[in-house]
Amino acid sequence: MGTEIGNIVILTGAGISAESGIDTFRDGGGLWEQHKVEDVATPEAFQRDPDLVLRFYDMRREAIQTKQPNPAHEALARLEREWGGEVLIVTQNVDDLHERAGAKNVLHMHGTHLNAWCIACDKRSPWTGPLIDRPDCPACGAKALRPDVVWFGEMPYRMEEIYGALRQADLFVSIGTSGAVYPAAGFVRDARQLGMQTLELNLERSQGSNWFEESRLGKASEVVPAWVA
Ligand code: BV8
């Protein structure tokens, strides 16, 4: 990697966790119980059929808990430890594999499977068991917990912080994302307008590939360690 790079912003998507055994959204049809993710991960779906949505997220949370970080997560944690400048991992993923690989500076723009969010008192609490069982909110006692994840039509978390980090960075790297969902899919354009270097590491070309100066195609567990080395 060039020595003139100071700060790095890395966007990750489901593809970085694929080799850990966590399903991506759009490979293999991205369907769940014959529903498109876009149709289940919405406030409207939650209003219409809360059990369907809670079952979907309980299943995703249980699947994540049995998985381990892969060499791509570990390589990014190593880069964060050893790099002279700032490294910020902005992840679209709700799994905590970056943290479990040792990364510290991780921003979950679409929330995480670790927390539940009470729609009665607006407080967040650790997600400790199936939400389909309607556990009481630890803060207010209401049976009104939903996953603390960002659904379609909801504002992603900490956007100002992300744009602030992009303005301070020299390199934007996108790993394992299809570039299908905004505003994350637009970060590469912001990076280009800010004059940053841009690199995509992905299994195949994505919807945003044309915006990257360089795309290296391959499995994350191979191309990410090779890039970090
Ligand atoms: C918002 C929830 C505004 C948690 C998710 C038209 C134009 C522009 C925007 C829109 C539009 N219509 C609607 C919108 C807005 C919408 C959007 O972008 N829709 C899309 C469908 C067009 N966006 C939103 O609603 C966002 N909010 O815009 O708010 C606003 C403004 C003011 C006030 C209020 C609101 C919110 C979007 C967040 C939705 N929530 N997840 C959860 O359930 O997990 S999105 C979900 O899909 C994921 O979180 C992820 O972020 C996203 C994209 O998925 P990827 O991570 O990229 O995964 P995917 O399967 O797609 O791709 C995997 C990639 O990995 C592939 O490229 C594959 O090749 C690669 N791969 C596979 N294996 C490997 C690999 N790579 C390397 N190695 C491997 N082994």
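Residues numbered from 1 in each chain as written. Predicted model: local features only at pLDDT ≥ 70, side-chain atom pairs only at ≥ 80, totals over all residues. Heavy atoms only, no water.

1. With respect to the site of the ligand
- Among the 35 residues in the neighbourhood of the ligand, the closest are listed as Arg26, Tyr57, Gly153, Thr177 and Ser178.
- Separating an oxygen atom of the ligand from a backbone N or O atom of Phe25 is a distance of 2.7 Å.
- Within the backbone of Tyr182, one N or O atom sits 2.7 Å away from an oxygen atom of the ligand.
- Isolated, the ligand exposes 1500 Å² of accessible area, and the fraction of that covered by the protein chains is 76%.
- Residues of the shell around the ligand, tallied by class, amount to 16 nonpolar, eleven polar and eight charged.
- Shared between two domains, the shell around the ligand takes at least three residues from each, and those domains are domain 1 (1-22 + 69-110 + 156-229) and domain 2 (25-66 + 115-149). (Near = heavy atom within 4 Å. Polar contact = N/O pair within 3.5 Å; in protein donor to acceptor, adjacent residues only side chain to side chain. Areas by Shrake-Rupley, 256 points an atom, 1.4 Å probe, with all protein chains shown as cover. Nonpolar A, V, L, I, M, F, W, Y, C, P; charged D, E, K, R; others polar. Domains from an automatic or database assignment.)

2. Some points on the pairing of strand β4 (residues 87-91)
- For β4, a buried count of five out of five residues is recorded, marking the element as mostly surrounded by other parts of the structure.
- Residue alternation in β4 divides its side chains into two sets, Val87, Ile89 and Thr91 and Leu88 and Val90, and both sets are buried.
- With five bridges connecting them, strand β1 (residues 8-12) and β4 associate as parallel partners. By the bridge assignment, Thr12 is partnered in β4 with Thr91.
- Here β4 runs beside strand β5 (residues 106-108); their pairing, made up of three bridges, is parallel. Considered in β5, the bridge of Val90 is made with Leu107. (Buried < 20%, exposed > 50% of the residue type's maximum accessible area, 1.4 Å probe, protein only. Helix = DSSP H or I, 4+ residues; strand = E, 2+ residues; numbered from the N terminus. Pairing = 2+ DSSP bridges.)

Any functional reading would require information that these geometric values do not contain.
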